[in-house]
Amino acid sequence: MSLLLEVLMAEDSERVPGGVLLLESVNRLRVAETMLQNRARGRMGLKANDFRTVQFLAAREAADAPARAAGLAETLGVSSAAATMTIDRLVARGFAVREPDPDDRRSRIVRLTTAGQHSLTGAYEDLRGRAGTP
């Protein structure tokens with residue numbers, strides 16, 4: 001629990017606005033998410049944007065939607081050159097592959113390789129056990 005929330009609740013729990021409690025809960029969730037992301041990223045041995053790219057590719061594949069460098073650049077908030085370099089690193093590590101875009105022969109689609117998919121799955125392998133869920 002945050003120090004602010006502890007002080008507010010110690011004074012008079014009925015005087016703590018519901019919005020404060022809600023925001024505190026959201027902040028705690030964000031901290032937990034960051035910790036889990038950092039642990040998974042560390043297991044994969046990836047930089048932050050490389051890990052976010054793997055997640056982006058997995059999400060696009062789950063939605064059966066093509067992943068392109070331009071979409072990645074927009075998602076990461078980086079230039080197209082930076083997105084291309086990120087993809088290059090993942091291709092070099094065997095986590096991703098570029099394929100021709102059937103809708104635009106000038107463009108390429110980026111996909112996770114089987115190794116990339118397994119690595120991402122493995123990074124979260126014990127998440128259920130650590131989170132206390134069945």
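Right above here is the structure, for reference.
On a predicted model such as this, the values are computed, not experimentally measured, just so you know. (Residues numbered from 1 in each chain as written. Predicted model: local features only at pLDDT ≥ 70, side-chain atom pairs only at ≥ 80, totals over all residues. Heavy atoms only, no water.)

Visitor: Explanation requested: the packing of helix α3 (residues 48-62) against helix α4 (residues 69-76) in the structure shown.
Guide: The relative placement of two packed helices is expressed as an angle between their axes plus a distance between the axes. Where α3 meets α4, the closest approach of the two axes is 11 Å, and the angle between their N-to-C directions is 125°. Judged by the angle between their axes, α3 and α4 are oblique. For the crossing formed where α3 meets α4, the hand is right-handed. Together, Asn-49, Arg-52, Thr-53 and Phe-56 of α3 and Gly-71, Leu-72, Thr-75 and Leu-76 of α4 make up the contact between the two elements. Taken together, the residues of the contact of α3 with α4 break down into three nonpolar, four polar and one charged. (Axes fitted to C-alpha atoms, helices over the stretch in contact; angles between N-to-C directions. Helix = DSSP H or I, 4+ residues; strand = E, 2+ residues; numbered from the N terminus. Parallel < 35°, antiparallel > 145°, perpendicular 65-115°, else oblique. Left-handed = near helix turned anticlockwise from the far one by under 90°. Contact = heavy atoms within 4.5 Å. Nonpolar A, V, L, I, M, F, W, Y, C, P; charged D, E, K, R; others polar.)

Visitor: Help me understand the environment of Ala-40, please; the structure alone is not making it clear to me.
Guide: You can see Ala-40 is positioned in helix α2 (residues 18-44). Other than its neighbours up to four places away in sequence, Ala-40 contacts Phe-51, Ala-123 and Tyr-124.

Visitor: Would you mind going over unusual backbone geometry with me for this structure?
Guide: Leaving glycine aside, a negative phi is the common case for residues, and trans is the common case for peptide bonds. Even without glycine at this site, Asp-64 takes up a positive phi of about 55°. Of note, Asp-64 is situated in the loop between α3 and α4. For Asp-64, a relative accessible area of 73% puts it in the exposed group. (Buried < 20%, exposed > 50% of the residue type's maximum accessible area, 1.4 Å probe, protein only.)

Visitor: Could you clarify how one ought to interpret the nonpolar core in this entry?
Guide: The biggest cluster of nonpolar side chains holds 20 residues, and the ones touching the most others in it are Met-44, Leu-46, Phe-51, Val-54, Leu-57, Leu-72 and Leu-90. The leading source of residues in this core is α3, at four residues. Among residues more than four places away in sequence, those in contact with Phe-51 are Gln-37, Ala-40, Arg-41, Met-44, Leu-46, Leu-120 and Tyr-124. (Core = buried A, V, L, I, M, F, W, Y, C linked by side-chain atoms within 4.5 Å.)

Visitor: Can you help me understand the environment of Ala-65 in this one?
Guide: When you line up the elements, Ala-65 lands in the loop between α3 and α4. By relative accessible area, Ala-65 is classed as buried at 19%.

Visitor: In this structure, what is going on with the packing of aromatic side chains? I would like to understand it.
Guide: Aromatic rings considered in pairs are described by the distance between their centres and by the relative angle of their planes. Per the counting criterion, the structure on display carries one aromatic pair. Where Phe-51 meets Tyr-124, the ring centres are 6.4 Å apart and the plane angle is 40°; that geometry is what we call tilted. On the criterion of sequence distance, the pair formed by Phe-51 in helix α3 and Tyr-124 in the loop between α6 (114-123) and α7 (127-131) is long-range, its members being 73 residues apart. Phe-51 sits in the buried class, given a relative accessible area of 2%. (Phe/Tyr/Trp six-rings, centres within 6.5 Å; stacked < 30°, edge-to-face > 60°.)

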